[in-house]
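Reading the structure
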Amino acid sequence: MWVIGTFPALKLDIENYPSLKNYLQTFMPKISQSGERGCRKKTSNKWFETQDNIAYFGEFNRQKIVYSEIVRNSQFYLDNGEFKFGNFYAEATSFILTGEKLHYLLGILNSKLLTFAFKEFYAGGGLGNGGFRYKKAFLENLPIPQIDPEEEIKFIKIVEKILEAKKRNQNTQELEKELDMMIYELYSLNETEIKSVLSLSLNSPSCGECD
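Throughout what follows, the structure given in this document is the object of discussion. What you are looking at is a predicted structure, and each value in this text was computed from that prediction instead of being measured. (Residues numbered from 1 in each chain as written. Predicted model: local features only at pLDDT ≥ 70, side-chain atom pairs only at ≥ 80, totals over all residues. Heavy atoms only, no water.)

Brief notes about the overall build of the chain
- The secondary structure content of the chain amounts to seven helices and five strands.
- Secondary structure elements of the chain occur, N-terminal to C-terminal, as α-β-β-β-β-α-α-β-α-α-α-α.
- Its C-alpha atoms give the chain a radius of gyration of 22 Å, more than 25% over the compact-globule value 17 Å for 211 residues.
- Dimensions along the principal axes, computed over C-alpha positions, put the chain at roughly 65 × 35 × 30 Å.
- In the chain, which comprises 211 residues, the share counted as buried stands at 33%.
- Across the chain, every contact between residues at least 6 apart in sequence was considered, and the portion connecting residues at least 24 apart equals 63%.
- Carbon and sulfur atoms provide 53% of the accessible area of the chain, an area that totals close to 13900 Å². (Helix = DSSP H or I, 4+ residues; strand = E, 2+ residues; numbered from the N terminus. Rg over C-alpha atoms; globule rule 2.2 N^0.38 Å. Buried < 20%, exposed > 50% of the residue type's maximum accessible area, 1.4 Å probe, protein only. Contact = heavy atoms within 4.5 Å. Areas by Shrake-Rupley, 256 points an atom, 1.4 Å probe, with all protein chains shown as cover.)

Here we look at the packing of helix α5 (residues 149-167) against helix α6 (residues 173-186)
- It is at 10 Å that the axes of α5 and α6 come closest, and there the two elements cross at 155 degrees. Classed by the angle they form, the pair α5 and α6 counts as roughly antiparallel. Of the two possible hands of crossing, α5 and α6 adopt the one that is left-handed. Across from E151, K154, F155, I158, V159, K161, I162 and K166 in α5, the residues of α6 making contact are L175, E176, E178, L179, M182, I183 and L186.
- The class makeup of the residues in the contact of α5 with α6 is nine nonpolar, no polar and six charged. (Axes fitted to C-alpha atoms, helices over the stretch in contact; angles between N-to-C directions. Parallel < 35°, antiparallel > 145°, perpendicular 65-115°, else oblique. Left-handed = near helix turned anticlockwise from the far one by under 90°. Nonpolar A, V, L, I, M, F, W, Y, C, P; charged D, E, K, R; others polar.)

Some details on the sheet that holds strand β1 (residues 64-68)
- Ordered by their spatial adjacency, three strands build an open sheet running β3-β1-β4, and the pairing between neighbours is antiparallel. Two strands lie at the open edges of the sheet, namely β3 (76-79) and β4 (94-97), each paired on one side alone. Averaged over all pairs of adjacent strands, the angle between their axes in this sheet comes to 30 degrees, without regard to strand direction.
- Two elements, β1 and β4, share four bridges in a ladder whose sense is antiparallel. If you follow V66 over to β4, its bridge partner there is I96.
- Set on the sheet, helix α2 (residues 102-109) makes contact with β1, β3 and β4; between it and β3 the angle comes to about 160 degrees. (Pairing = 2+ DSSP bridges.)

Concerning the side chain of S32
- The topology assignment puts S32 in the loop between α1 (18-25) and β1.
- Within polar-contact distance, the side chain of S32 engages the backbone oxygen of P29 at 2.7 Å.
- Those residues in contact with S32 that lie beyond four places of it in its chain are C39 and R40. (Polar contact = N/O pair within 3.5 Å; in protein donor to acceptor, adjacent residues only side chain to side chain.)

Description of unusual backbone geometry
- Cis geometry is adopted by the peptide bond preceding P29, which originates at M28 and carries an omega value of 0 degrees.
- Residue position: P29 is located in the loop between α1 and β1.
- The phi dihedral of T93 falls on the positive side, at around 65 degrees, and the residue is not glycine.
- Relative to the helices and strands, T93 is located in the loop between β3 and β4.
- Note on T93: relative accessible area 48%, which makes it partly exposed.
- Unlike most non-glycine residues, N169 shows phi in positive territory, near 60 degrees.
- With respect to the helices and strands, N169 occurs in the loop between α5 and α6.

Some words on the environment of K41
- Note that K41 resides in the loop between α1 and β1.
- Apart from the residues lying within four places of it in its own chain, the contact partners of K41 are Q33, S34, G35 and Q51.

Quick notes on α6
- Over its 14 residues, α6 runs 20 Å from end to end, which matches the ideal 20 Å to within 8%, given 1.5 Å per residue.
- Taken together, the buried positions of α6 are occupied by E176, L179, D180, M182, I183, Y184 and L186.
- Considering only its buried residues, α6 is in contact with α2, α3 (112-122), α5 and α7 (191-201).
- With its phi angle positive at about 60 degrees, S188 sits one or two positions after the end of α6. (Expected span 1.5 Å × (residues − 1).)

A few points about the pairing of β1
- With four of five residues buried, β1 is to be regarded as a mostly interior element.
- Where β1 and β3 come together, four bridges link them in antiparallel fashion. Each bridged residue has a counterpart across the sheet, and for Y67 the counterpart in β3 is F76.

Structure, rendered in structure tokens:
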């Protein structure tokens, strides 16, 4: 019924959780971190703690962008803690981005231009039938323009409109087209370049179909 995190970073005293202690002890000696045969690898952590420190666990409770690693199109989502179980805790093959300018980043990363650019120049090749992989090392190399606060407000407003429309199951294609045009202008694309991006995006689902 519950997921229990015994991260070293939490500095838990197992004596304060007698029922948990008794339960975990039923798995001894397999869960001891002694490095002996049949046990976990040797660490300086306590016997009941996880192998890794996981000091970043607090980031899951912040506003964040969540994305899947292996996709067929951009799938970046803003988590405001409105998930039916509270904040979303990403597991294997899904990741999070925290920090500032999240609405701006969300709009950029879900745009046709940045999806096209990542697939063509950063993804390191495709996967299967049209899939690709948002590897952290490649994602960090994407060129994201620095913008001033006034310009950022324009992006925040339209991204918020899209998010609100999605909550109501409304069609967001026109808003997404407007956002895409703002991003083409941001990257100084000419008409020929825009047509190239659009022609290669025709067979991909729109952002409104990805969630």
